[in-house]
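Chains, contacts and geometry: an overview
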Amino acid sequence: AQTVTQSQPEMSVQEAETVTLSCTYDTSESDYYLFWYKQPPSRQMILVIRQEAYKQQNATENRFSVNFQKAAKSFSLKISDSQLGDAAMYFCAYRSASDKLIFGTGTRLQVFP
Amino acid sequence: EADIYQTPRYLVIGTGKKITLECSQTMGHDKMYWYQQDPGMELHLIHYSYGVNSTEKGDLSSESTVSRIRTEHFPLTLESARPSHTSQYLCASSESHWHTDTQYFGPGTRLTVL
């Protein structure tokens with residue numbers, strides 16, 4: 001069975017600095033998708049970025065980028081130029097061919113001015 | 001604007017009551033999902049549907065039931081609420097195609113059973 005591990009329950013960063021959130025996963029499949037979702041306090045969960053496993057190029061979305069290491073089964077999220085609005089719970093998720101999303105336990109990111 | 005909606009956003013109810021959590025989407029998606037999330041914890045899939053008249057149980061056992069009579073509507077029902085049902089319930093939807101079926105989430109319903 002696939003598993004997703006986020007080993008950092010909490011992280012903090014100063015405004016304008018860069019922070020990296022870690023995620024590892026375990027799977028025997030070769031074709032899958034990986035996602036980072038952001039859940040601000042008491043607000044809607046939104047998609048931050050997605051990565052197709054068959055693509056070697058790392059996905060980027062403005063200040064958000066990933067470091068996808070397929071062989072190591074690692075999928076970290078880098079947030080550049082952190083802003084106060086980036087404070088949230090971040091979930092790493094894996095979607096297999098069976099279509100189900102498997103979530104990690106989340107990393108709570110605090111951003112200090 | 002295409003979106004996914006959940007009502008109510010907050011619900012406090014007594015033990016034994018029957019409740020229905022509503023979820024609707026205007027995104028034209030075939031697939032819909034219900035997740036349960038305890039505070040500060042990961043999401044667990046409790047129900048999903050791939051289209052009208054299709055419903056399946058997820059990985060986390062739940063006493064709730066769902067129905068899918070219309071494509072855009074996927075309500076979740078608890079026949080007799082108990083304090084153990086206190087949690088946040090998130091609805092999501094996605095397209096059918098493997099390469100485009102990113103899941104989009106509603107705002108959630110925070111349920112408290114007294």
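Quick note: structure is the one above.
Keep in mind that what you see is a predicted model, and the values were worked out from it rather than measured. (Residues numbered from 1 in each chain as written. Chains lettered and ligands numbered in written order. Predicted model: local features only at pLDDT ≥ 70, side-chain atom pairs only at ≥ 80, totals over all residues. Heavy atoms only, no water.)

It is worth spelling out the state of the cysteines at this point. A full pass over the atoms with the stated rule returns two disulfides over all chains. The partner cysteine of A:C23 in its disulfide is A:C92, sulfur to sulfur 2.0 Å. Here A:C23 and A:C92 share a disulfide; its torsion about the S-S bond, -70°, makes the bridge left-handed. Within this pair, whereas A:C23 is found in the loop between β3 (19–21) and β4 (24–26), its partner A:C92 is found in strand β10 (residues 88–95), the two being separated by 69 residues in sequence. Neither residue differs from the other here; A:C23 and A:C92 are each classed as buried. Between the sulfur atoms of B:C23 and its disulfide mate B:C91 the distance is 1.9 Å. The chirality of the disulfide connecting B:C23 with B:C91 is left-handed, given an S-S dihedral of about -75°. Here B:C91 lies in strand β9 (residues 87–94) and B:C23 lies in strand β3 (residues 19–25), a separation of 68 residues in the sequence. For the residue pair B:C23 and B:C91, the accessibility class agrees, reading buried in each case. (Disulfide = S-S within 2.5 Å. Helix = DSSP H or I, 4+ residues; strand = E, 2+ residues; numbered from the N terminus. Buried < 20%, exposed > 50% of the residue type's maximum accessible area, 1.4 Å probe, protein only.)

When the charged atoms of two side chains with opposite charge come close together, those side chains can pair. Residues and elements named next belong to chain A. For the structure shown, the criterion picks out eight salt bridges over all chains. When the shortest N-O distance is used, the salt bridge between D26 and K73 registers 3.7 Å. Taken together, the positions of D26 in strand β4 and K73 in the loop between β8 (64–69) and β9 (74–79) put the pair 47 residues apart, joining distant regions of the chain. One salt bridge in this structure joins E52 and R50, with 3.6 Å as the shortest N-O distance. Each of R50, E52 and K55 takes part in one network of salt bridges that share partners. (Salt bridge = Lys/Arg side-chain N within 4 Å of Asp/Glu carboxyl O.)

Note that all results are geometric; they support no functional claim without further evidence.
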